[in-house]
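If you want the building blocks of each chain, they are given just below.
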Amino acid sequence: MTTSAAWRNGLWHAYSDHLAERFGEKVYKVTVSAGFTCPTRDGTRGTNGCSFCDERGSSSFFSAGSASRSIEAQVREGIPKIAERFSAGKFLAYFQSFTNTYGPLNYLREVYDGAINIPNVVGMAIGTRPDCIPGEVLALLNSYGHGGRYVSLELGLQSMRDEALRFYERGHTVAEGLDGVERALRFPNLSVAVHFMFGAPGDTIADAILAARTASRLGVHGVKIHQLMILKDTALARRYAHEPWPLLELDEYNRWAMAFLENLDPRIHVERTHGMSSHPDELVGPAWSAQRFVPMDSLKKMMRENSSHQGKALVQSSCQTLLHSPALI
Ligand code: SF4
């Protein structure tokens, strides 16, 4: 059932392979900031942000009428640097930080319009929470996908355990998260990716397997996984200093990641397998999170030694069912 012939690493369906298949060349993200906040920051579901989050301060909307110009300027400024560094010719505008669907519809339209109507920008990727995507926002995003533009919605599910979500102070439940994913998947122009994080107290390898099986059953298009990282000046860092708990060793995390991938439908692309702390001086732990190449290289080694690959654990009958899922593109 594997389609590993199309996977450059022979182990999993990497995001870069997925984008290259779709666009015929590598596509790079240009990160933009759109002035959003989060329901866990503005008092709706909390005021301190999620417990692991190191986004600093609070954002604020651009003044009326300037959002589109501000976003366009950011994309136009970002493209030459990436084009030069990677010889890149196609780009996605990436709304990464904060909750990028959390605002009035008119503001959202202005912001997305600013990102998308630029030469060589083939689409956009929107990071957000699964409890912040009302139907009219999904319809708006879906409308940008007409004409072949790529619209990726990245939804932070984070965990399949409500206890872990409370630990992360996410302000939403597993059921609310799954509801958001299922609603997004009804929009045919959206590529829906879900994020999971492993390493909260009480997490086991079974949680990784459940997450992969759930993503496969739902028929999402992409996934992103990483270890729980504790960063300085977060609620989690303060809690850890007061009452530390065992952090995942790299070998153990890799075993969970391997189990996740083995239980993941091979057509789902994998955007990330490990998190990396871009500012090592702000990392509390696990220490290996500061390493750029070792974590993924050791996962690949482990998978090769175990003749492992994405989808290995899925039985043929399950795959046949999944192959007929209309949600997959
Ligand atoms: S993790 Fe996401 S939703 Fe939570 S505070 Fe940070 S940016 Fe906001």
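Model, not experiment: these values are computed from the prediction.

Asker: Where do I start with the pairing of strand β6 (residues 222-227) in this structure?
Answerer: In summary, the side chains of a regular strand alternate between the two faces of the sheet. Burial analysis of β6 places six of its six residues in the buried class, which makes it a mostly covered element. In this structure, strand β5 (residues 190-198) lies alongside β6, joined through six bridges in parallel fashion. Note on β6: the bridge partner recorded for Val194 is Val223. Handedness of the crossover joining β5 and β6 through helix α7 (residues 205-218): right-handed.

Asker: Help me out: how do you make sense of the environment of Ala184 in this one?
Answerer: In this structure, Ala184 sits in helix α6 (residues 174-184). Distance in space between the C-alpha atoms of Ala184 and Val137 is 9.8 Å, their sequence separation being 47 residues. Ignoring any residue separated from it by four or fewer positions in sequence, one finds Ala184 in contact with Ile133, Leu138, Leu153, Leu155, Leu190 and Val192.

Asker: Is there a simple way to explain the pattern of salt bridges in this structure?
Answerer: Side chains bearing opposite charge may pair, as long as their charged atoms lie close to each other. Overall, the coordinates contain 17 salt bridges when judged by the stated rule. Notably, a salt bridge pairs Arg76 with Glu72, separated by 2.9 Å at the nearest N-O pair. Separated by four residues within a single helix, Arg76 and Glu72 lie in helix α2 (residues 67-86), roughly one turn from each other. Glu72 gets classed as partly exposed once you look at its relative accessible area, which sits at 29%. Residue Arg161 is joined to Glu163 by a salt bridge in which the shortest nitrogen-to-oxygen separation is 3.4 Å. Through salt bridges with shared partners, a single ionic network connects Lys29, Glu154, Lys224 and Glu271.

Asker: Help me out: how do you make sense of the nonpolar core in this one?
Answerer: In globular proteins that are soluble, nonpolar side chains generally tend to be buried together. Core analysis: the biggest nonpolar cluster contains 87 residues, and Phe95, Tyr112, Phe196 and Phe260 have the highest contact counts within it. By size, the runner-up hydrophobic cluster in this structure holds seven residues, among which are Leu19, Val27, Leu92 and Tyr150.

Asker: Even after reading the chapter, I still don't get the site of the ligand, so can you show me in this structure?
Answerer: Around the ligand sit Cys38, Thr40, Arg41, Gly49, Cys50, Phe52, Cys53, Phe98, Thr99, Arg129 and Arg170, and that is every residue in its neighbourhood. Residues of the shell around the ligand, tallied by class, amount to five nonpolar, three polar and three charged.

Asker: Quick question: what am I supposed to make of the sheet that holds β5 here?
Answerer: Pairing between sheet strands relies on hydrogen bonds along the backbone, with the strands arranged either parallel or antiparallel. Spatially, β1-β2-β3-β4-β5-β6-β8 is the arrangement adopted by the seven strands of the open sheet, whose pairing is parallel. Unpaired on one side and paired on the other, β1 (27-32) and β8 (269-272) mark the two borders of the sheet. Direction aside, the axes of adjacent strands within the sheet are offset by 25° on average. Contacts from α6 reach β4 (150-158) and β5, with the element oriented near 165° to β4. Together, β5 and β6 form the strand contacts of α7, whose direction differs from that of β5 by roughly 175°.

Asker: Please clarify how helix α8 (residues 235-242) should be interpreted in this entry.
Answerer: The complete set of buried residues in α8 reads Leu236, Ala237 and Tyr240. In a view along the axis of α8, the buried residues occupy a sector of 100°, so they form one face of it. Exposed residues lying more than 90 degrees from the buried face of α8 are Arg238, Ala241 and His242. For α8, the elements touching its buried residues are α5 (162-167), β7 (230-231) and β9 (283-285).

Asker: Explain the packing of aromatic side chains here, please?
Answerer: Here a ring pair, both rings aromatic, is described through the centre-centre distance and the interplanar angle of the planes. In the structure shown here, the tally under the stated rule is 13 aromatic pairs. Three or more aromatic residues link up through ring pairs in this structure, and these residues are Phe52, Phe167, Tyr168, Tyr240 and Trp245. Cation over ring: Lys29 sits above Tyr94, and NZ or CZ is 4.0 Å from the ring centre. Sitting over the face of the ring of Phe167, Arg239 holds its NZ or CZ atom 4.8 Å from the ring centroid.

Asker: Please clarify how the packing of helix α3 (residues 105-116) against helix α4 (residues 135-144) should be interpreted in this entry.
Answerer: Between two packed helices, what matters for the description is the angle formed by their axes and the separation of those axes. Running from N to C, α3 and α4 cross one another at 20°; their axes reach a closest spacing of 11 Å. Relative to α4, α3 is oriented roughly parallel. In this structure, the crossing between α3 and α4 has a hand that is right-handed. Residues Leu105, Leu108, Arg109, Tyr112, Asp113 and Ile116 of α3 lie in contact with α4, whose contacting residues are Glu136, Val137, Leu140, Leu141 and Tyr144. Each residue belonging to the contact of α3 with α4 can be placed in one class, and the counts come to eight nonpolar, no polar and three charged.

Asker: What is the right way to look at the environment of Thr234 in this model?
Answerer: If you trace the backbone, Thr234 turns up in the loop between β7 and α8. The class for Thr234 is buried, based on a relative accessible area of 1%. As for Thr234 and Gly49, which are separated by 185 residues in sequence, their C-alpha atoms are 8.9 Å apart. Excluding anything up to four places from it in sequence, Thr234 contacts Ser51, Phe52, Cys53 and Asp54. Looking at Thr234, its side chain comes within polar contact range of the main-chain oxygen of Leu231, at 2.6 Å.

Rules and cut-offs
- Residues numbered from 1 in each chain as written.
- Predicted model: local features only at pLDDT ≥ 70, side-chain atom pairs only at ≥ 80, totals over all residues.
- Heavy atoms only, no water.
- Buried < 20%, exposed > 50% of the residue type's maximum accessible area, 1.4 Å probe, protein only.
- Helix = DSSP H or I, 4+ residues; strand = E, 2+ residues; numbered from the N terminus.
- Pairing = 2+ DSSP bridges.
- Right-handed = clockwise from strand over helix to strand, strands pointing away.
- Contact = heavy atoms within 4.5 Å.
- Salt bridge = Lys/Arg side-chain N within 4 Å of Asp/Glu carboxyl O.
- Core = buried A, V, L, I, M, F, W, Y, C linked by side-chain atoms within 4.5 Å.
- Near = heavy atom within 4 Å.
- Nonpolar A, V, L, I, M, F, W, Y, C, P; charged D, E, K, R; others polar.
- Axes fitted to C-alpha atoms, helices over the stretch in contact; angles between N-to-C directions.
- Arc of directions from axis to C-beta.
- Phe/Tyr/Trp six-rings, centres within 6.5 Å; stacked < 30°, edge-to-face > 60°.
- Lys NZ or Arg CZ within 6 Å of the ring centre and 35° of its normal.
- Parallel < 35°, antiparallel > 145°, perpendicular 65-115°, else oblique.
- Left-handed = near helix turned anticlockwise from the far one by under 90°.
- Polar contact = N/O pair within 3.5 Å; in protein donor to acceptor, adjacent residues only side chain to side chain.

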